[in-house]
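Fold and contact review
The residues making up each chain are set out below.
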Amino acid sequence: MNAPRRTARPRLPAGPWRSPLRGPWLTSVFGAVLLAGLPVLFLTGLLSYAAYNPDLSPLNDKTPAKGLLGFYLFSWPTHPAWLYRLNQGVHVTLGVVLVPVLLAKLWSVVPKLFTMPPVRSLAHALDRLSLLLLVGGALFEFVTGLLNAQLDYLFPGSFYPLHFYGAWVFTGALAAHVALRLPRTVRALRSRDFRAELRTPTARTRPEPQDDSGLVSSHPAEPTMSRRGALGMVGLGSLALFAVTAGQSLGGPLRETALLAPHGRDPGSGPNGFPVNKTAAIAHIRPQDLGERWRLVVRGPGGRAATLTLADLHALAQYRAALPIACVEGWSTENQHWEGVRLRDLARLVGYPSDPPGVFVESVQPAGSFRAVALRANQVRDGRSLLALRVNGAVLSYDHGYPARIIVPAAPGVMNTKWVRQLTFGASDFGEPA
Ligand SMILES: Nc1nc2c(c(=O)[nH]1)N[C@H]1C(S)=C(S)[C@@H](COP(=O)(O)O)O[C@H]1N2
Ligand SMILES: [Mo]
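Looking at an unreviewed UniProt entry, one finds the protein named Molybdopterin-dependent oxidoreductase and attributed to Actinacidiphila polyblastidii.

Right, dumping it as C-alpha cells:
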C-alpha cells in the first residue's frame, strides 16, 4: 500500500543546518580574524616555552624527546623586567578572546563535517584528515590552555608537553589549511562588501549564492538574524571575555573586573597584598620547617658548601629590585619592591668570585612540580636576581615564601621558588635531586 502523498513535489529532507547566514563569506571573515590571531598565539607560546629554560633540567620541563622541536630554544633574557608579563598576558588574553571566534568559525563549517559520502577520493580523504587535525588540534589547544589557566594543576607536570606538542600539530595543520584555502578565502572575502553587510538588517538578509563550497544551505531557513547581528554577537562575546580577563595582567583598577582570573582578584591589602598562586598550606609547608630550624644550604663545586641561618642572610649586603610576578596562567602583578641577597653574592660564598654559573633551586616543599627549578647563568648574574627576604618593606608572608624566595627579572612566575631550602651552583646535571 502506498502512503498518501500530500504534495506532488518530492520534499527535501529538512536537515539541521539551514541557517541562511552560512556561506564562504562569513566563514572567511571568521577565518581571517583567526589567521591574524593564531600566529601571535603560536609565537608567544613558543617564547613562553623557551622562557622556562626547558633544556636545562627535566625538572623545569618534562617534554621527552622534544628533539627537533627545541631547535629555537635560547637564553631567555632578564631585560626588560616586564618581558614575560607582556608575553604571557598577550598569550592568555588573546587565547581567551579568540574563543568566540573559533566557535563561530566551527559553527559556520559544521555541515562539512557531515557531508556524504564522507570520503570521495584520495585527495578528499587527505583534505578531511588535515581538517581533523585542524579542528581537533584547535579544540585541544584551547581546551588545555583554558583548563590550565583556570584550574591549574589539573595536569601536574604534563601540561607543557601536551600543549607544546599540540601546538606543533595544530600549527602544521593550520599551515596546510591556509595554503589550500587562502585563494578561496580571498575570493570569498571580496564577494561581499563588509561595510554594506554591516548596514544590512535581518529583513534584507539573503543567503549567499549557491556554490560548491558545501557551506551554503540548499534549503535555507528564513533569517532570524543578520550577518551584522552574528558578527556583533561574536564581537561582543570577545569583548566581554576581554573585559573579564585582561585585568589580571594589566592590573590597576582593572584587576577588579578580571572575573575570570583564577588568582588574586582580591589578594588582600598591605605589603603582601598581591596574588598568591599556591598557599603554604596547599604546598604542605609545615611551619616548623620555616622556624628556628630553617637553614639555607648553598653548594658549589668540589663539595664547597655554606649553611646560613636567617640572621646570617640578613647580615649579608641587602639589595632592592622592583619586579613583577608573571604566571604562565596569564595573571601578573605590578612591580613589587623586593629586598634580599643577590644570587651572585651567594655564588661568591661557594667559590664563584665572578661569572657565576646557573643554579639549581630547591624548596622546603616536600613534593610537587614547582618545588625545584633550574636558573640560567644569565639569570644568576643579573644584579636584580635575589633571594628575597622582604617585599614592599615587610617580611615575606608564609604564602609568598617566608623566609626566603627567589625573584628573577623577566622570568616566568614558576621560577620564583618559594620557601627556598637549598641552592646548588654549577650543578653539571640539574637532574632529579636525591
Ligand atoms: N615552592 C614553590 N614555589 C613556587 C610555587 C610552588 O608551587 N611551590 N609556585 C610558583 C608559581 S607557578 C608562581 S606563578 C609563583 C607565584 O608566586 P606568589 O604565590 O608569591 O604570587 O610562585 C612560584 N613559586
Ligand atoms: Mo605560575
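1. Considerations on the overall build of the protein
Scanning the protein from N- to C-terminus turns up 12 helices and 10 strands. Taken along the three principal axes of its C-alpha coordinates, the protein extends 95 × 45 × 45 Å. In the protein, once contacts between residues fewer than 6 apart in sequence are set aside, the share between residues at least 24 apart is 72%. Carbon together with sulfur atoms contributes 64% to the accessible area of the protein, which is approximately 21400 Å² in total. Seen as two clouds, the 44 positive and the 26 negative side-chain charges of the protein have centres 9 Å apart.

2. As for the UniProt feature "transmembrane region" (unreviewed entry) in the protein
Here, UniProt's "transmembrane region" (unreviewed entry) annotation points to residues 25-52, 90-110, 131-151, 163-182 and 230-250. Structurally, residues 25-52 comprises 96% helix and 0% strand, and the distance from its first C-alpha atom to its last is 41 Å. Taken end to end, residues 163-182 comprises 100% helix and 0% strand; its first and last C-alpha atoms sit 26 Å apart.

3. Quick word on the site of ligand 1
Near ligand 1, the surroundings consist of 18 residues, among which P275, Q365, H400, R405 and K418 are the closest. Contact with the protein chains covers 99% of the free accessible surface of ligand 1, which is 540 Å². Classifying every residue of the shell around ligand 1 gives eight nonpolar, seven polar and three charged.

4. Examining the sheet that holds strand β2 (residues 305-308)
Within the open sheet, the five strands sit side by side as β2-β1-β10-β5-β6. Their pairing is mixed. The open sheet has two edge strands with one neighbour each: β2 and β6 (372-375). Mean inter-strand twist for the sheet, computed between neighbouring axes without regard to direction, equals 15 degrees.

Reading the values: the criteria
Residues numbered from 1 in each chain as written. Chains lettered and ligands numbered in written order. Predicted model: local features only at pLDDT ≥ 70, side-chain atom pairs only at ≥ 80, totals over all residues. Heavy atoms only, no water. Helix = DSSP H or I, 4+ residues; strand = E, 2+ residues; numbered from the N terminus. Contact = heavy atoms within 4.5 Å. Areas by Shrake-Rupley, 256 points an atom, 1.4 Å probe, with all protein chains shown as cover. Lys, Arg positive; Asp, Glu negative; His and termini not counted. Charge placed at Lys NZ, Arg CZ, Asp CG, Glu CD. UniProt positions renumbered as here; feature names shortened; annotations may be inferred. Near = heavy atom within 4 Å. Nonpolar A, V, L, I, M, F, W, Y, C, P; charged D, E, K, R; others polar. Pairing = 2+ DSSP bridges. Axes fitted to C-alpha atoms, helices over the stretch in contact; angles between N-to-C directions.

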